[in-house]
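# Secondary and tertiary structure notes
Below, each chain spelled out in residue letters.
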Amino acid sequence: MNIKLSLAMILSILFLSCASSQKTTNLFNGKDLSGWEIYGTEKWSVEDGLLVCESGPDKQYGYLATEKEYKNFELTVDFKQSANGNSGVFFRSSIEGTKIAGWQVEVAPPKHDTGGIYESYGRGWLIKPDTEKDKYLKFGEWNTMKIHVVGNTVTTWLNGNQMIKLQDEKIGEANGKIALQIHDGGGIKVFWKNIKLKEIK
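Since the structure is predicted, the reported quantities are computational estimates derived from the model, not experimental observations.

### Side note on the overall build of the protein chain
Within the protein chain one finds 2 helices and 15 strands. Considering the protein chain as a whole, with its 201 residues, one finds that 42% of them fall into the buried category. Here the protein chain has roughly 10,500 Å² of accessible surface; of this, 50% comes from carbon and sulfur atoms.

### Some details on the sheet that holds strand 7 (residues 87–96)
Strand order in the open sheet made by the 7 strands is 2-5-14-7-8-9-10, with antiparallel pairing throughout. Looking at which strands have only one partner, the edges of the open sheet turn out to be strand 2 (36–39) and strand 10 (124–127). Ignoring which end each strand starts from, the neighbouring axes of this sheet average 25° apart. For strand 8 (residues 99–107) and strand 9 (residues 117–120), the ladder comprises 4 bridges, and the chain directions are antiparallel. Note on strand 9: the bridge partner recorded for Trp103 is Glu119.

### Here we look at the pairing of strand 5 (residues 62–70)
Relative to strand 5, strand 2 runs antiparallel, the two sharing 4 bridges. Its bridge partner lying in strand 5, Tyr39 is registered against Tyr63. Inspection of the sheet shows strand 5 paired to strand 14 (residues 176–182) by 6 bridges, in the antiparallel sense. Bridging from a neighbouring strand, Glu69 pairs with Lys177 of strand 14.

### Focus: the nonpolar core
By size, the foremost hydrophobic cluster in this structure holds 37 residues, and its most contacted members are Leu75, Phe91, Trp192 and Ile195. Setting aside residues up to four positions removed in sequence, Phe91 forms contacts with Phe73, Gly102, Trp103, Val105, Ile117, Val149, Val154, Ile171 and Lys177.

### Here's the deal with the packing of aromatic side chains
Aromatic rings considered in pairs are described by the distance between their centres and by the relative angle of their planes. The tally for this structure, following the rule as stated, stands at 4 aromatic pairs. With centroids separated by 5.7 Å and ring planes inclined at 80°, the aromatic side chains of Tyr63 and Phe90 adopt a geometry described as edge-to-face. A residue pair is termed long-range when its members are at least 10 positions apart, and Tyr63 in strand 5 and Phe90 in strand 7 qualify at 27 residues. Comparing Tyr63 with Phe90, the two get one shared label, buried. The residue whose ring lies beneath Lys146 is Trp157, and the NZ or CZ to ring-centre distance is 4.4 Å. In this structure, Lys193 packs its charged tip against the face of Trp142, placed 4.3 Å from the ring centre.

### Thoughts on the pairing of strand 9
Pairing of strand 9 with strand 10 involves 3 bridges; the strand directions are antiparallel. Across the sheet, the residue bridging to Ile117 is Ile127, located in strand 10. Here strand 9 folds back onto strand 10, and the loop between the two strands holds 3 residues, one of which, Tyr121, carries a positive phi near 50°.

### Overview of the side chain of Glu119
Relative to the helices and strands, Glu119 resides in strand 9. Ignoring anything within four residues of it in the chain, the contact list for Glu119 reads Gly102, Trp103, Gly124, Leu126 and Lys170.

Criteria and thresholds
- Residues numbered from 1 in each chain as written.
- Predicted model: local features only at pLDDT ≥ 70, side-chain atom pairs only at ≥ 80, totals over all residues.
- Heavy atoms only, no water.
- Helix = DSSP H or I, 4+ residues; strand = E, 2+ residues; numbered from the N terminus.
- Buried < 20%, exposed > 50% of the residue type's maximum accessible area, 1.4 Å probe, protein only.
- Areas by Shrake-Rupley, 256 points an atom, 1.4 Å probe, with all protein chains shown as cover.
- Pairing = 2+ DSSP bridges.
- Axes fitted to C-alpha atoms, helices over the stretch in contact; angles between N-to-C directions.
- Core = buried A, V, L, I, M, F, W, Y, C linked by side-chain atoms within 4.5 Å.
- Contact = heavy atoms within 4.5 Å.
- Phe/Tyr/Trp six-rings, centres within 6.5 Å; stacked < 30°, edge-to-face > 60°.
- Lys NZ or Arg CZ within 6 Å of the ring centre and 35° of its normal.

So, in structure tokens, the structure goes:
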């Protein structure tokens, strides 16, 4: 009985240890931009508990990046597109000014490959979702994106539907920040909320 009890206690400790190492963190507190850094002259603000990105007078690329770097994680975020709605979520990225090196999970208007993976200042599009999956985007309404990044593998889901799964050695070698993007061209406005990250050890 003592052996069984000891084994049960050990398993419980291991389970609690694993659970604590994969706790979920709210990257956006709903009040201000604490934990984030602005790159560029485009507009980032908090309104009624929502994170708002919109084009500024320069109509250039802009980024809001985490202060911390993340390697392996699962990220969920809700977004609602207004006007053009061309944006994205970068991972394992580094930024100098408004030049970003890394990979973008596309957030874009209908028929523009939301959920696909684009490598900025590199190879360009690595993978696009199948055309029929465009129906999962609810333009002008709230959507939930889930991004799972572990080692060489990236998987994305939009509103519970898997969009892509990609294995890439270059991605596997990288580490860096998570960043939200405003595309250039002007006329863009996107709302964000519930930005939650679970690090995977």
